[in-house]
Amino acid sequence: MLNGVRIIIEGKKPGKWDELVRECEERLDNNICDLCVMVEYLDVRTGKIYDFTMPDQRSIKEALVRGRFNVGFLSYIDRAGLGRWIGVKSEPEQYKNVGFDELLTYLMSAYSRVVKEDIIEPVVERMEDVLREFSNNVLMAINLERLKEVLELRGKEEEE
């Protein structure tokens, strides 16, 4: 957790990108996290895949610091479809062959997007615009006298 933002890192062997995306989507949909980091990892020294079946802290640290990764990020913004309202692409981008420092840079960028204060404001403005347009269209298409008659609404003079 980083300043209240729940972050999960999902790691897989190369070639499992679609599985990473699916698992991150499930975690977000089940409200387990706010931001999911997808990581495909290789051991650049040997070209072999890291064996994390029985990892210890040292091997995990070494793998992170020395490894190269394909990474991507998904957040609740992507899953809720808010991206289309604020002009953000909802498909997770995949950054290939990045080192640990680059991974942290991309992570902080994704984190910043999640915690931006004005993320909802454009959505609210767009919804207000759509509602305003709808109400104007309805207002122009309605015969007010006929509506009053159907709803049995009378003016003050008619009631007396």
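Everything here concerns the structure above.
Our subject in this report is the structure included herewith. The structure presented is a predicted model; accordingly, all values stated were derived computationally and were not measured. (Residues numbered from 1 in each chain as written. Predicted model: local features only at pLDDT ≥ 70, side-chain atom pairs only at ≥ 80, totals over all residues. Heavy atoms only, no water.)

1. So, unusual backbone geometry
- Of note in the backbone geometry, Asn31 takes a positive phi value of approximately 60° without being a glycine.
- When you line up the elements, Asn31 lands in the loop between helix 1 (17–29) and strand 2 (35–42).
- Residue class for Asn31 comes out exposed when judged on its relative accessible area of 52%.
- The backbone of Glu152 sits at a positive phi, close to 55°, despite the residue not being glycine.
- Under the relative-accessibility criterion, Glu152 is labelled exposed at 59%. (Helix = DSSP H or I, 4+ residues; strand = E, 2+ residues; numbered from the N terminus. Buried < 20%, exposed > 50% of the residue type's maximum accessible area, 1.4 Å probe, protein only.)

2. Description of the nonpolar core
- Residues Leu35, Val39, Phe69, Val71 and Phe73 are the most contacted members of the largest nonpolar core, which totals 14 residues.
- Among the elements of the structure, strand 2, strand 3 (68–75) and helix 5 (100–115) are those that each provide at least two residues to this core.
- Of the residues forming this core, the biggest block, 5 residues, is contributed by helix 5.
- Once residues within four sequence positions are removed from consideration, Val71 is found in contact with Trp17, Met38, Val39, Glu93, Gln94, Tyr95, Val98, Leu103 and Tyr106. (Core = buried A, V, L, I, M, F, W, Y, C linked by side-chain atoms within 4.5 Å. Contact = heavy atoms within 4.5 Å.)

3. Overview of the pattern of salt bridges
- Scanning the model with the defined rule gives 8 salt bridges in all.
- Between Glu102 and Arg68 there is a salt bridge, with its nearest N and O atoms 3.6 Å apart. Here Arg68 lies in strand 3 and Glu102 lies in helix 5, a separation of 34 residues in the sequence.
- The partly exposed category is assigned to Arg68, whose relative accessible area is 31%.
- Between Asp129 and Arg132 there is a salt bridge, with its nearest N and O atoms 3.1 Å apart. Of the two residues, Asp129 and Arg132 both sit in helix 6 (residues 121–141), 3 residues apart, roughly one turn of that helix.
- Classification of Asp129 as partly exposed rests on a relative accessible area of 38%.
- What you see here is one network of salt bridges that share partners, running through Lys12, Glu19 and Glu23. (Salt bridge = Lys/Arg side-chain N within 4 Å of Asp/Glu carboxyl O.)

4. Comments concerning the state of the cysteines
- Under the criterion given, the structure shown has 1 disulfide.
- Note on cysteine connectivity: Cys24 is disulfide-linked to Cys36, with sulfurs 2.2 Å apart. Given an S-S torsion of about -55°, the disulfide between Cys24 and Cys36 has left-handed geometry. In this pair, Cys24 is assigned in helix 1 and Cys36 in strand 2, connecting sequence segments 12 residues apart. For the pair shown, Cys24 and Cys36 are each scored as buried. (Disulfide = S-S within 2.5 Å.)

5. Describing helix 5
- Helix length check: helix 5, at 16 residues, gives a terminal C-alpha distance of 22 Å against a target of 22 Å (1.5 Å per residue), a fit within 8%.
- Every buried residue of helix 5 is accounted for by Leu103, Leu107, Ala110, Tyr111 and Val114. Summarising the axial view, the buried residues of helix 5 lie within an arc of 105°, below the 170-degree limit, and thus occupy one face. Along helix 5, the residues that are exposed and aim more than 90 degrees away from the buried face are Asp101 and Thr105. (Expected span 1.5 Å × (residues − 1). Arc of directions from axis to C-beta.)

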